[in-house]
Amino acid sequence: MPLCWALSREIALMYPAREYIDMLRILVLHGPNLNLLGTREQSIYGTLSLEALNGAIAKLAKELSVEVKQCQSNSEGELVTWIQEARTRYDGIIINPAAYTHTSVAIRDAIAAVGLPTVEVHLSNIHQREEFRHRSFIAGVALGQITGLGPTGYLLALRGLHDHLVAFRLQNITPPPAASQRRAKGTRPSRSRFNDRTESEGSIE
């Protein structure tokens, strides 16, 4: 029986949105053949179109007060370029590398090089499919991987990445509880144990 993925409305309404001085920016990348969603192998990928999926992502992003940009490409080089450009423009990345998941060292190295929190998403459960799909070059440099939950996986990725980035911001802007007390006594406040985000460097060949 063909699988027809349906987006869960509860996902977008589970938690209240929060407002921040600087809006978070997240880049959502769709890999090769995902432009054919809705018509391609519906028993595996479902009947939802890429346009409808992007609409659901945009809706949740608005509720979370997150700015998202969504791009799709069948070209490995174009995906690498977008990842590189995200370094100074976005706070995090959500990516479904599709077939490049299992072949692209270039995408893996680009993600490692920019050092942005990245969530890997797959519509189908790649670990239940052909053996060659079981290995992901991306997983080792990703914050997390969501696989097999259909379009809802993108919403979970957006929610999880949002919460991760918010927690990181709060760590870096919230002083230790005792800091104000130390200053009141005239002593020098200790340095925060939270440092600015460092940029990790990946191997570049």
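Every chain is numbered independently, its residues counted from 1 as its sequence is written. Only residues with pLDDT of at least 70 are given local features in this predicted model, and only at 80 or more are side-chain atom pairs given and counted; all residues enter the totals for whole chains, interfaces and linings. By convention in this description, side-chain values take in all heavy atoms of the structure and omit both hydrogens and water.

## So, the overall build of the protein
Tallying secondary structure elements over the protein gives seven helices and five strands in all. Numbering of helices and strands starts at the N terminus; helices are DSSP runs of H or I of at least 4 residues and strands are runs of E of at least 2. Going residue by residue from the N terminus, the α and β elements of the protein occur as α-β-α-α-β-α-β-α-β-β-α-α. For every residue, the accessible area (1.4 Å probe, protein chains only) is compared with the maximum for its type, and the residue is labelled buried under 20%, exposed over 50%, or partly exposed between those bounds. Out of the 205 residues in the protein, the part that is buried amounts to 41%. Should any heavy atoms of two residues lie within 4.5 Å, those residues are counted as being in contact. In the protein, 79% of the contacts between residues at least 6 apart in sequence involve partners at least 24 apart.

## Focus: the packing of aromatic side chains
Each aromatic pair joins two rings of Phe, Tyr and Trp (for Trp, the six-membered one) with centres within 6.5 Å, and gets the label stacked for planes under 30 degrees apart, edge-to-face for over 60, and tilted for any other angle. The full count for this structure, using the stated rule, is zero aromatic pairs. A cation over a ring is seen here: R25 above Y90, with NZ or CZ 4.7 Å from the ring centre. The rule is short: NZ of Lys or CZ of Arg within 6 Å of the ring centre and within 35 degrees of the ring normal puts a charge over the ring. Stacked on the ring of F137, the Lys or Arg R135 has its end atom at 4.4 Å from the ring centre.

## A word on the sheet that holds strand β3 (residues 92–96)
When DSSP finds at least two bridges between two strands, those strands are taken to pair. What the five strands build is an open sheet, ordered β2-β1-β3-β4-β5; its pairing is parallel. Edge positions in the sheet fall to β2 (66–72) and β5 (144–147), since each has one partner strand and no second. For this sheet, the mean inter-axis angle between neighbouring strands, taken without regard to orientation, is 20°. With four bridges joining them, strand β4 (residues 118–122) and β5 adopt parallel strand pairing. Its bridge partner lying in β5, V121 is registered against I146. Of the strands in this sheet, β1 (24–30) and β2 touch helix α3 (residues 50–63), which is tilted by about 165° from β2. Along the sheet, helix α4 (residues 76–85) contacts β1, β2 and β3; its crossing angle with β1, the most-contacted strand, is approximately 170°. Where helices are involved, their axes are fitted lines through C-alpha atoms of the stretch in contact, as for all axes, and angles between N-to-C directions lie from 0 to 180°.

## Notes on the confidence of the model for the protein
On a range of 0 to 100, pLDDT expresses the predictor's confidence in each residue. Model confidence for the protein is summarised by a mean pLDDT of 80, while 73% of its residues fall at 70 or above. Residue range residues 8–21 is modelled with pLDDT below 50. Its contacts to residues more than four positions away, or to other chains, number 21 contacts. Note that residues 178–205 has pLDDT below 50 and, in this model, 25 contacts with residues that lie over four places away or in other chains.

## Here we look at the pairing of β1
Taking burial as the measure, the seven residues of β1 include six buried ones, the bulk of the element. Bridge count for β1 against β3 is five bridges, and the pairing is parallel. Looking at the pairing, L27 lines up with I93 of β3.

## Focus on the side chain of N54
Considering the arrangement of structural elements, one finds N54 in helix α3. N54 sits in the buried class, given a relative accessible area of 18%. Those residues in contact with N54 that lie beyond four places of it in its chain are H30 and Q70.

## Describing helix α5 (residues 105–114)
Each α-helix winds once per 3.6 residues, and so residues spaced three or four apart point in a common direction. Along α5, seven of the 10 residues are buried, which leaves the element largely enclosed by surrounding structure. Within α5, burial applies to I107, D109, A110, I111, A112, A113 and V114. Lining the buried residues of α5 we find α4, β3 and β4. By the N-cap criterion, in which a side-chain oxygen at the helix start approaches the backbone nitrogen of a residue two or three places on, α5 is capped by S104, the distance to I107 being 2.9 Å. A positive phi of about 70° marks G115, the residue just after α5. Definition of a polar contact: a pair of N or O atoms within 3.5 Å, with one able to donate and the other able to accept a hydrogen when the atoms are protein atoms, and with sequence-neighbouring residues admitted only if both atoms are side-chain atoms.

## Focus: the nonpolar core
In a soluble, globular protein the nonpolar side chains are often hidden away together inside. Take the buried Ala, Val, Leu, Ile, Met, Phe, Trp, Tyr and Cys residues and link them wherever side-chain atoms come within 4.5 Å; each set so joined is a nonpolar core. Within the largest apolar cluster, 27 residues are counted, with the highest numbers of intra-cluster contacts made by I26, L37, I57, I94, Y154 and L158. When contributions to this core are tallied by element, the ones reaching two or more residues are β1, α3, β4 and α6 (152–173). For this core, the element with the highest residue contribution is α6, accounting for seven residues. Discounting chain neighbours no more than four positions away, the residues touching Y154 are V28, H30, L34, L53, I57, I94, N96, V121 and L123. Judged by nonpolar contacts, the second largest core, of 18 residues, contains L27, L29, A86 and L116.

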